[in-house]
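# A look at the structure
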Amino acid sequence: MEIPMIYYIVLSLVMFFAGVYGFITRKNMLMMLISIELMLNAVDINFAVFNRFLFPGQMEGMIFSIFAIAIAAAETAIAIAIIINIYRHIRNIDADNLDDMKY
Amino acid sequence: MEYTLFILVLPLAMFLLLGLLDSKLKPRVAGILGTLGMTVCTALAYFTAFQFFTQPRNAEGVIPSQVPYNFEWLRFTEYLHIDLGIYLDPISVMMLVVITTISLMVHIYSLGYMHGEKGFQRYYAFLSLFSMSMLGLVVATNIFQMYIFWELVGVSSYLLIGFYYTKPAAIAASKKAFIVTRFADLGFLIGILILSFFTKTFDFATLTANPSAIITESAGATFLGCSVASWALALIFMGGAGKSAMFPLHIWLPDAMEGPTPVSALIHAATMVVAGVYLVARLFPVYCVTPEVLELITTVGAITALYAAIVACVQTDIKRVLAFSTISQIAFMIVALGVASDTDLHTGLGYMASMFHLFTHAMFKALLFLGAGAIIHAVHSNEMSEMGGLRKYMPITHITFLIACLAIAGIPPFSGFFSKDEILTAVIEKSTFWGIWMTAVAGLTAFYMFRLYFRIFWWKDTDCSHHTPHEAPATMTMPLIFLALVTCVAGFIPFGELVSVNGQPYHIHLNWSVATTSIIVAVCAIALAAWLYLKENNKPTAMANTTRTLHTAAYRRFYIDEIYLFVTHKIIFGLICRPIAWFDRHIIDGTMDMFAHVTQWISARIKGLQSGSIQGYVWILIMGTLLIATLTICCCL
């Protein structure tokens, strides 16, 4: 029995808003990074699902999700590097302490 | 005669050389270089004059004018193009000779006079610049080229008046000269534009060949009751009046005496100040088609002549006396032009007389100024009261100064007699009233010149408690002697044969009734001056006291400067400029300030949005997105 498309979409919706919630509420920057990953993965699922159910003969959606995964990996590396640098400066990775760029 | 171009190029090259090297050259080398350049220039000018005046006359007995060099500089339309070139005709060649001669004399004289001055090289550079500009002015082929060089002489005059730039009076005088002449040149420029708009040409040859073009082309166009042609020519004359220090634009010339004395001799006596006369003479056929402008010129000239002569009688600074005498003598030339007409040789006598007087006046007035320079050099003062009895100490200066005074007073056989006689004849034939007027001015001229002469060289016998004045060095006396010789013989030059209103030879014959009258008037005036000033006495003081009001008014130059100050400061600055400044400061600036203040106020209110907390931004972003999405959905439904 095939799982209907709506299940996948609900899953990705839950994942995405879990990511948004996490991004807004968690103060630790690593946690915020993980939340971003969660949102990205939700989008990847959407790509794969829509490709699988709506355009079965084609591969663009799959290719896109693989592409997004690769980008996410690179982006994570950079984000981690930035976080480490911030840690070296202020001995802390709390987002609330990073308000030097205000007016 | 293409070599005439070098008459212009050489001083320009000297200016660049001396101006760029400046203090890298030794002062002496700079002076000698400048003088050598001018010597070559003078030789070229003399050769040009020789070649020009000895060439065969054409069928009408006119010496054909030449354009040895001309190129198109700016082309606007087929008709309207500005050329630069060299135009040789009798008056421009005559001016070349005058300018190079005086300039050379001043160059030599300055070697002695300016010896040891700071900025000696700069002085010679400016002299070369001035010579170049003035020569360019007289050989201009078109009125616009003349205007360009006209401004250049204005600039070099400014630079040379302000040569002693550490002296506040010199700075003020240079600015005054520049602003007043610039103001007059505004009229000149407008006049040029109107004239060329209607005639479609700048070219002198075209303009003078068909002088009535301005009348026919601008027919019907009037402004304030006068034809446009009259306005154009009157405005052009305004430029000339500014440069030639005609009343009421004369105020800059007496102050210009703050410059070094040789500069006064070169620029403010002999060459630049006659530019206005030259301009009117150059456009003379055009002026003849508007007799009302010629009448204006006559009136302005006659008033100036009398005014300047009266003021010159009471000044105590010897250079100021000479300055006012210059104004008065230039007014003579202007009046002579005003009464002339170009119908035939006889009625055109004033034109020839004006040019003749320009020539002789340049020589003897330069001589007077250079003599005054020698005196100032010896006494270290400009004031008459510091002088007196100098004839024993400075014999050469004394004799040459006397010759120049006799010439300007109109005593035969010196040059001034001949030219002034021609002017008076021309004026009397046109109008008896102006004739008597100008004869009276000639008498005043003789009086104030001999007042000056007696006060400097006679008056008191014992002099100089602190030091004895000494004769000037040879570099200064040589030009004096040369110019004195020229003054002695210049009257016998057959000037009318070379320069006349239509180019045909005119044989000068003295009108003995006029000549006798003017000689008698001059001799009486000299006798009066001798009676008052030969020996030290209190007659002059007593006379001044009896006519206290007139004397003070004349001494203060009839308050013309004060009137100018009143008009500029109280009326123009106070009533026009100050409200405009207020409007600018409060309305225009105020509007801009208001924009700035409003922007600042708004930004101060909303700057709290930029909190620096990322999560806050994301919250707003998401809420905003949701809001837009909701709105979109609502609208679509």
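Our focus in this paragraph is the overall build of chain B. Secondary structure assignment for chain B yields 26 helices and four strands. With 637 residues in all, chain B has 54% of them scored as buried. For chain B, restricting intrachain contacts to residue pairs at least 6 apart in sequence, the fraction spanning at least 24 positions comes to 79%.

For the rest of this paragraph, the subject is the overall build of chain A. Helix and strand counts for chain A come out as three helices and zero strands. Scanning chain A from its N terminus toward the C terminus, one meets helices and strands in the order α-α-α. For chain A, whose C-alpha radius of gyration is 17 Å, the value lies well above the compact-globule estimate of 13 Å for 103 residues. Principal axes of the C-alpha set define a box for chain A whose edges measure 55 × 25 × 25 Å. When burial is assessed residue by residue, chain A has 25% of its 103 residues classed as buried. Counted over contacts in chain A with a minimum sequence separation of 6, partners at least 24 positions apart contribute 61%. Of the roughly 7,200 Å² that chain A leaves accessible, carbon and sulfur atoms contribute 72%. Put simply, chain A has 6 plus and 9 minus side-chain charges, and the middle of one group is 9 Å from the middle of the other.

Time to look at the interface of chain B and chain A. Contacts between the two partners involve 10 residues from chain B, matched on the other side by 14 residues from chain A. Together, the buried faces of chain B and chain A total about 990 Å²; carbon and sulfur atoms form 69% of this surface. Seen at the junction of chain B and chain A, the total is zero salt bridges. The interface formed by chain B and chain A includes four residue pairs in polar contact (both at pLDDT 80 or more). For the side of chain B that touches chain A, the class distribution of residues is four nonpolar, five polar and one charged.

This part is about a nonpolar patch on the surface. Residues and elements named next belong to chain B. A contiguous nonpolar patch, built from Met592, Met594, Phe595, Val598, Trp601, Ile602, Ile606, Leu609, Trp619, Ile620, Met623 and Leu626 and spanning about 1,200 Å² of accessible area, is present on the exposed surface. Secondary structure elements with two or more residues in the nonpolar patch: α25 (560-606) and α26 (614-636). Here the element with the most residues in the nonpolar patch is α25; it accounts for seven residues. Position of tryptophan 601 relative to the elements: it lies in helix α25. According to the relative accessible area criterion, tryptophan 601 is exposed, its value standing at 52%.

Further remarks concern the packing of aromatic side chains. All names here are of chain B. Per the counting criterion, the structure on display carries 34 aromatic pairs over all chains. Aromatic pair phenylalanine 197 and phenylalanine 198: ring centres 5.1 Å apart, planes at 80°, arrangement edge-to-face. Since its relative accessible area comes to 59%, phenylalanine 197 is described here as exposed. Phenylalanine 198 sits in the buried class, given a relative accessible area of 16%.

Right, let's talk about the environment of B:Ala241 for a bit. Residue and element names in this part refer to chain B. Among the structural elements, alanine 241 can be located in helix α9 (residues 228-243). Owing to a relative accessible area of 5%, alanine 241 belongs among the buried residues under this scheme. Along the backbone, alanine 241 and histidine 470 are 229 residues apart, and their C-alpha atoms lie at a distance of 39 Å.

Time to look at the pairing of strand β1 (residues 66-75) of chain B. Residues and elements named next belong to chain B. In this sheet, strand β2 (residues 81-88) lies alongside β1 in antiparallel orientation, the contact comprising seven bridges. Each bridged residue has a counterpart across the sheet, and for arginine 75 the counterpart in β2 is histidine 81. Hairpin connection from β1 to β2: five residues lie between these consecutive antiparallel strands.

Examined against the element boundaries, B:Gly590 turns out to sit in helix α25. Taking the C-alpha atoms as reference points, B:Gly590 and B:Leu12, 578 residues apart in sequence, are found 50 Å from one another.

Residues and elements named next belong to chain B. The N-to-C vectors of helix α18 (residues 415-430) and helix α22 (residues 512-533) enclose an angle of 115°; their axes lie 9 Å apart at closest approach. Judged by the sense of rotation from one axis to the other, the crossing of α18 with α22 is right-handed. Facing α18, whose interface residues are Phe417, Asp421, Leu424, Thr425 and Ile428, α22 presents Val514, Ala515, Ser518 and Ile519. The residue makeup of the contact of α18 with α22, split by class, is six nonpolar, two polar and one charged.

Let's shift gears to the packing of helix α15 (residues 318-339) of chain B against helix α16 (residues 349-379) of chain B. Residue and element names in this part refer to chain B. At a closest axis distance of 9 Å, the pairing of α15 and α16 adopts a crossing angle of 175°. For the element pair α15 / α16, the angle class is roughly antiparallel. Counted together, Ile318, Lys319, Leu322, Ala323, Ser325, Thr326, Gln329, Phe332, Met333, Ala336 and Leu337 of α15 and Gly350, Tyr351, Ser354, His357, Leu358, His361, Lys365, Leu368, Phe369, Ala372 and Ile376 of α16 form the full contact between these two elements.

Most peptide bonds take the trans configuration, and most residues that are not glycine carry a negative phi. Backbone torsion omega between B:Phe247 and B:Pro248 reads 0°, so that peptide bond is classified as cis. Note on placement: B:Pro248 falls in the loop between α9 and α10 (252-255). Unusually for a residue other than glycine, A:Arg91 sits at a positive phi of about 55°. Looking at the secondary structure, you find A:Arg91 in the segment after α3 (60-90).

As a further point, take the state of the cysteines. Across all of its chains, the model carries zero disulfides over all chains by this definition. Of the cysteine sulfurs around B:Cys636, a residue in no disulfide, the closest is that of B:Cys635, at 6.8 Å.

Before going further, it helps to examine α22(B). Between the first and last C-alpha of α22(B) there are 31 Å, a value that for 22 residues agrees with the 32 Å anticipated at 1.5 Å per step. Against the buried residues of α22(B) lie α17 (395-409), α18, α19 (432-457) and α23 (539-546) of chain B.

A separate point is the environment of B:Cys313. All names here are of chain B. If you trace the backbone, cysteine 313 turns up in the loop between α14 (291-312) and α15. Expressed as a C-alpha distance, the spacing of cysteine 313 and glutamate 562, which sit 249 residues apart in the sequence, is 20 Å. Ignoring anything within four residues of it in the chain, the contact list for cysteine 313 reads Leu444, Phe447, Tyr448 and Arg451.

This brings us to the pattern of salt bridges. Residues and elements named next belong to chain B. Tallied over the full model, the rule gives 14 salt bridges over all chains. When the shortest N-O distance is used, the salt bridge between arginine 75 and glutamate 72 registers 2.7 Å. Residue classification places arginine 75 among the partly exposed positions, given a relative accessible area of 48%. Here arginine 282 and aspartate 89 are joined by a salt bridge, their closest N and O atoms 2.7 Å apart. A residue pair is termed long-range when its members are at least 10 positions apart, and arginine 282 in helix α12 (residues 275-282) and aspartate 89 in the loop between β2 and α3 (90-113) qualify at 193 residues.

Scored by pLDDT, chain B has a mean of 86; 98% of the residues are at 70 or more. Note on the complex model: pTM 0.79, ipTM 0.80.

Okay, the side chain of B:Ser419 next. All names here are of chain B. Relative to the assigned elements, serine 419 resides in helix α18. A relative accessible area of 0% places serine 419 in the buried class. Engagement of the side chain of serine 419 in a polar contact is seen with the side chain of histidine 357, the distance being 2.9 Å. If we skip the residues at most four places from it in the chain, serine 419 touches Phe356, His357 and Thr360.

Turning our eyes to something else, we now look at the side chain of B:Ser328. Relative to the elements of secondary structure, B:Ser328 occurs in helix α15. Beyond its immediate stretch of four places on either side in the chain, B:Ser328 contacts B:Ala305, B:Ala308, B:Ala309, B:Val441, B:Thr445 and B:Tyr448.

Calculation rules
- Residues numbered from 1 in each chain as written.
- Chains lettered and ligands numbered in written order.
- Predicted model: local features only at pLDDT ≥ 70, side-chain atom pairs only at ≥ 80, totals over all residues.
- Heavy atoms only, no water.
- Helix = DSSP H or I, 4+ residues; strand = E, 2+ residues; numbered from the N terminus.
- Buried < 20%, exposed > 50% of the residue type's maximum accessible area, 1.4 Å probe, protein only.
- Contact = heavy atoms within 4.5 Å.
- Rg over C-alpha atoms; globule rule 2.2 N^0.38 Å.
- Areas by Shrake-Rupley, 256 points an atom, 1.4 Å probe, with all protein chains shown as cover.
- Lys, Arg positive; Asp, Glu negative; His and termini not counted.
- Charge placed at Lys NZ, Arg CZ, Asp CG, Glu CD.
- Buried area = accessible area lost by both parts, 1.4 Å probe.
- Salt bridge = Lys/Arg side-chain N within 4 Å of Asp/Glu carboxyl O.
- Polar contact = N/O pair within 3.5 Å; in protein donor to acceptor, adjacent residues only side chain to side chain.
- Nonpolar A, V, L, I, M, F, W, Y, C, P; charged D, E, K, R; others polar.
- Patch = residues over 30% accessible without salt bridge, like charges linked within 9 Å, V, L, I, M, F, W, Y side chains within 5 Å.
- Phe/Tyr/Trp six-rings, centres within 6.5 Å; stacked < 30°, edge-to-face > 60°.
- Pairing = 2+ DSSP bridges.
- Axes fitted to C-alpha atoms, helices over the stretch in contact; angles between N-to-C directions.
- Left-handed = near helix turned anticlockwise from the far one by under 90°.
- Parallel < 35°, antiparallel > 145°, perpendicular 65-115°, else oblique.
- Disulfide = S-S within 2.5 Å.
- Expected span 1.5 Å × (residues − 1).
- pLDDT = per-residue confidence, 0-100.

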